[in-house]
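Listed here are the chains, written in short residue letters.
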Amino acid sequence: MPDTTCHMSMSLDGFVAGPDQSRENPLGKRGLELHGWHIGDPRANDADKTATEWLMRPRGAYVMGRNMYGPIRGEWDADWSGWWGPEPPYHAPVFVLTHYPHDPIQMEGGTTFHFVTSGFDAAYAAALDAAGGKGVDIAGGASTVRQALQAGVIDELTLDIAPVLLGSGERMFDGIESFGFEPVEVLHSPLATHIRYRRIS
């Protein structure tokens, strides 16, 4: 069975997004500092290029939380189809966890956002079915990754640890009592240490 993967950037103090996420700051205050390694910082090197290839490899389907999908909270009171413009980078079905029903949104390039109100397990099962054997990625954010870790479904976890202290924001590992992975590859640059972990069988 193809792997379920997850790839997240985080600060040295464990945050994957800064505080006060909004339409103006989708990653929270200073959250963008975690991502210089793949969004054009001139200090990026071959290690960052390899990690970017890990991040962008095609997957059969994705699962993400509503906060990652957009800034709207509560009922759907605005016309919103994600942060990524008319052609999101997924090119596959994306299952968005939410408490509020919404019709699917079909985008250019093969991405369709499906909105799942029955919890992580249902979204993950739907993603597995839709992936057609091509693997599922847990795309974030922190809460969704926590649920995937608690469910034990992630086979490969990649962390890009940026030399940044955010002080507050969204933590990924809060409430996770055991890790259950071992490092299999480590790359580094001035911008991040990229650690690829595999689940211990």
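Before reading on, note that the structure itself is shown above.
Analysis parameters
Residues numbered from 1 in each chain as written. Predicted model: local features only at pLDDT ≥ 70, side-chain atom pairs only at ≥ 80, totals over all residues. Heavy atoms only, no water. Pairing = 2+ DSSP bridges. Helix = DSSP H or I, 4+ residues; strand = E, 2+ residues; numbered from the N terminus. Contact = heavy atoms within 4.5 Å. Axes fitted to C-alpha atoms, helices over the stretch in contact; angles between N-to-C directions. Phe/Tyr/Trp six-rings, centres within 6.5 Å; stacked < 30°, edge-to-face > 60°. Buried < 20%, exposed > 50% of the residue type's maximum accessible area, 1.4 Å probe, protein only. Lys NZ or Arg CZ within 6 Å of the ring centre and 35° of its normal. Expected span 1.5 Å × (residues − 1). Arc of directions from axis to C-beta.

**Description of the sheet that holds strand E6 (residues 112–116)**
Taken in spatial order, the nine strands line up as E5-E6-E4-E3-E7-E1-E8-E11-E10 in an open sheet, and their pairing is mixed. Only two strands of the sheet have a single partner each, and these edge strands are strand E5 (105–106) and strand E10 (181–188). Relative to strand E11 (residues 193–199), E10 runs antiparallel, the two sharing seven bridges. What sits directly across from Glu185, in E11, is Arg196. Sheet strands in contact with helix H3 (residues 120–131) are strand E1 (4–11), strand E3 (61–65), strand E4 (93–97), E6 and strand E7 (136–140), and its direction is about 160° off that of E3. The strands touched by helix H4 (residues 142–151) within the sheet are E1, E3, E4, E7 and E10, with E7 carrying the most contacts at an inclination of about 140°.

**Brief notes about the packing of aromatic side chains**
Both the distance between ring centres and the angle between the ring planes are used here to describe each pair of aromatic rings. Enumeration over the complete set of coordinates arrives at 12 aromatic pairs. Both rings, one in Phe173 and one in Phe179, keep their centres 5.9 Å apart while their planes meet at 75°; by these two values the pair is edge-to-face. By relative accessible area, Phe173 is classed as partly exposed at 26%. Here Phe179 falls in the partly exposed class, since its relative accessible area comes to 33%. An aromatic cluster is built from Tyr62, Tyr69, Trp76, Trp84, Tyr90, Phe113 and Phe115, whose rings are joined through pairwise contacts. Here the guanidinium or amino end of Arg66 rests over the ring plane of Trp76, the centre of that ring lying 3.7 Å away. Its end group placed over the ring of Trp54, Arg196 keeps NZ or CZ at 5.5 Å from the ring centre.

**Side note on the environment of Ala127**
Tracing the backbone through its elements, the reader meets Ala127 in helix H3. For Ala127, a relative accessible area of 0% puts it in the buried group. Separated by 67 residues in the primary sequence, Ala127 and Gly60 have C-alpha atoms spaced 8.0 Å apart. The residues contacting Ala127, other than those within four sequence positions of it, are Ala61, Tyr62, Val63, Phe95 and Val136.

**Considering H3**
Here H3 is 12 residues long and its end C-alpha atoms lie 16 Å apart, about the 16 Å a rise of 1.5 Å per residue gives. What H3 keeps buried is the set Phe120, Ala123, Tyr124, Ala127 and Ala131. Projected onto a plane normal to the axis of H3, the buried residues spread over an arc of 95° and lie on a single side. Residues of H3 that are exposed and point more than 90 degrees away from the buried face comprise Asp121 and Asp129. Buried residues in H3 make contact with E1, E3, E4, E6, E7 and H4.

**A few points about the environment of Asp46**
For Asp46, the location among the structural elements is in helix H1 (residues 46–56). Overall, Asp46 belongs to the exposed group, its relative accessible area being 63%. In this structure, the C-alpha to C-alpha distance between Asp46 and His188, residues 142 residues apart in sequence, is 9.0 Å.

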